[in-house]
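# A structural walkthrough
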Amino acid sequence: MDGCGMKIMKLFRYSLLSCFIIVILLSLTTCTPLLCRVVHIKKLDNPRPVPTSKMEYHDILEAFENLDFEYIERNYTVSENRKQFIKAILLCMDGNYEAAGNELHQLYVTLDESNLKSQVESILQILLSFQSKWKEIELLDAKDPILSKAILQELGKRPKVSYIFSEKMQSYKIELDDYSRPLVKVEINGHLKTFLLDTGYSIVTVQADTAKEFNLEILTEDKVVGGTYLGKKMESSPAIIKELKIGDVIIRNQYVNVSDKKYNNPDWDGVIGWPIIQNLYLEIDYRNRLIHIEKPIKKPVRNRNLFWLRQPFVKNYNEEGRGLYFFLDTGAGLTEIYRKAIEKNNLDINKYKKQKNKLTDATGKSQYVNYSVIPEFRLLIDDYIFDFENLHLNIEPWYSKNMF
């Protein structure tokens, strides 16, 4: 059955930290961030196919970038350091942040290999930030710190972020912008503001005018330098919101970045990014324009298909049963695939028509991006078949070279 034949499906299973499950509910008739303009969805009648041939890679780095640890084990003699790194990544993918952080920290203090150490440093800092362990990040004395020492010291003086939930699941209305991105009402100091709900955003941001209205305290003059979906650098100032409410959910002492006025988006007042979303049991119902939130409970998850590794990823399969990893971004306006999918799917991009699309990132900035348009593309997600029409292949080398 396809089109309107099914109302809503729960597809993604994920547990993170000690207690987090996220389920995204997909509407089959509206354009959502996970769907291209036309997609037909039906139940998988037979078991998912098993690949008849093994993927081959040019080197161990390419295999690692594709998270193909079985290939690495079969074809390479792996050092103890790399074994420990792989163990930490698998723990991270399984949602065990604390154990993953312990493995990475042990590795970090003993490593001499610069390339691997930079990878460890990057992931470890983010894991620690998710747990508000600012002092531990400062003590790392990282070569490429995610925050300056002055910011880390100020954050270390503040109480850790905390959450208060209702006893039962609560439902709240959302709006969708012109790109079908979910907008939710957030209460700060008794006033309701509109925030983008964006799984692809690794921070929580408040626009400069909103921060001024609520007299948010800027922690230090040091700036936080980040990047946007379109690869643009963005400066912001660190601050703390003492109390933020999403419906009945109360979040206290939340670290946020106050964006410069030139990055203000007229459609919303801030962005609820992954640091908050990962700590909620969250359902997004695009068709009925609702979100459902409740206190997360750690549950055993069979055949996990959603995990975090710098970004949230969904594991899909193509028709041959090969694994494909898609970045889950509710702040995106369309579904697209990247260059790494070409070899896995034997795509001949020369036969597809080219076109430019105007994309807008969370700051409201726009840019035209080059795409190849694939007329038909099939994905298997859980027990369902997704048949896409006119799926976009991002061929911009500046954007897609490091993507799955």
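Our subject is the structure that appears above.
Residues numbered from 1 in each chain as written. Predicted model: local features only at pLDDT ≥ 70, side-chain atom pairs only at ≥ 80, totals over all residues. Heavy atoms only, no water.

Attention now goes to the overall build of the chain. Of the regular secondary structure elements, the chain holds eleven helices and 22 strands. Put simply, 64% of the contacts in the chain that link residues at least 6 apart link residues at least 24 apart. Of the accessible surface of the chain, which amounts to about 19,600 Å², a share of 47% is contributed by carbon and sulfur atoms. (Helix = DSSP H or I, 4+ residues; strand = E, 2+ residues; numbered from the N terminus. Contact = heavy atoms within 4.5 Å. Areas by Shrake-Rupley, 256 points an atom, 1.4 Å probe, with all protein chains shown as cover.)

Turning next to the pattern of salt bridges. When charged atoms on two side chains of opposite charge get close, those side chains can pair. Tallying each qualifying case throughout the model produces eleven salt bridges. Note that Glu-154 is salt-bridged to Lys-157, the shortest N-O span being 3.2 Å. Judged by its relative accessible area of 19%, Glu-154 falls in the buried class. For Glu-319, the salt bridge is made with Arg-378, and the minimal N-O distance between the two is 3.9 Å. (Salt bridge = Lys/Arg side-chain N within 4 Å of Asp/Glu carboxyl O. Buried < 20%, exposed > 50% of the residue type's maximum accessible area, 1.4 Å probe, protein only.)

This next bit is on unusual backbone geometry. Of note in the backbone geometry, Asp-382 takes a positive phi value of approximately 55 degrees without being a glycine. Relative to the assigned elements, Asp-382 resides in the loop between strand 21 (366-381) and strand 22 (384-394). The phi dihedral of Asn-390 is positive, around 55 degrees, even though this residue is not glycine.

Moving on, we get to the environment of Asp-141. Note that Asp-141 resides in the loop between helix 6 (134-140) and helix 7 (149-156). Residue class for Asp-141 comes out exposed when judged on its relative accessible area of 57%. Asp-141 sits 20 residues away from Glu-121 along the chain, and the two C-alpha atoms are 9.8 Å apart. The residues contacting Asp-141, other than those within four sequence positions of it, are Tyr-108 and Lys-149.

The next thing to look at is the packing of aromatic side chains. Tallying each qualifying case throughout the model produces 13 aromatic pairs. Between Tyr-57 and Tyr-71, the aromatic rings sit 4.8 Å apart at their centres with planes inclined by 85 degrees, giving edge-to-face as the arrangement. Residue Tyr-57 is located in the loop between strand 3 (38-43) and helix 1 (60-65), and its partner Tyr-71 is located in helix 2 (residues 69-75); the two are separated by 14 residues in the primary sequence. Classification of Tyr-57 by relative accessible area gives buried; the value is 10%. An aromatic cluster of at least three residues, connected via ring pairs, comprises Phe-307, Phe-313, Tyr-325 and Phe-327. One residue, Lys-43, lies across the ring of Tyr-384, its end atom 4.9 Å from the ring centre. Residue placement shows Lys-117 over the ring face of Tyr-108; its charged tip is 4.8 Å from the ring centre. (Phe/Tyr/Trp six-rings, centres within 6.5 Å; stacked < 30°, edge-to-face > 60°. Lys NZ or Arg CZ within 6 Å of the ring centre and 35° of its normal.)

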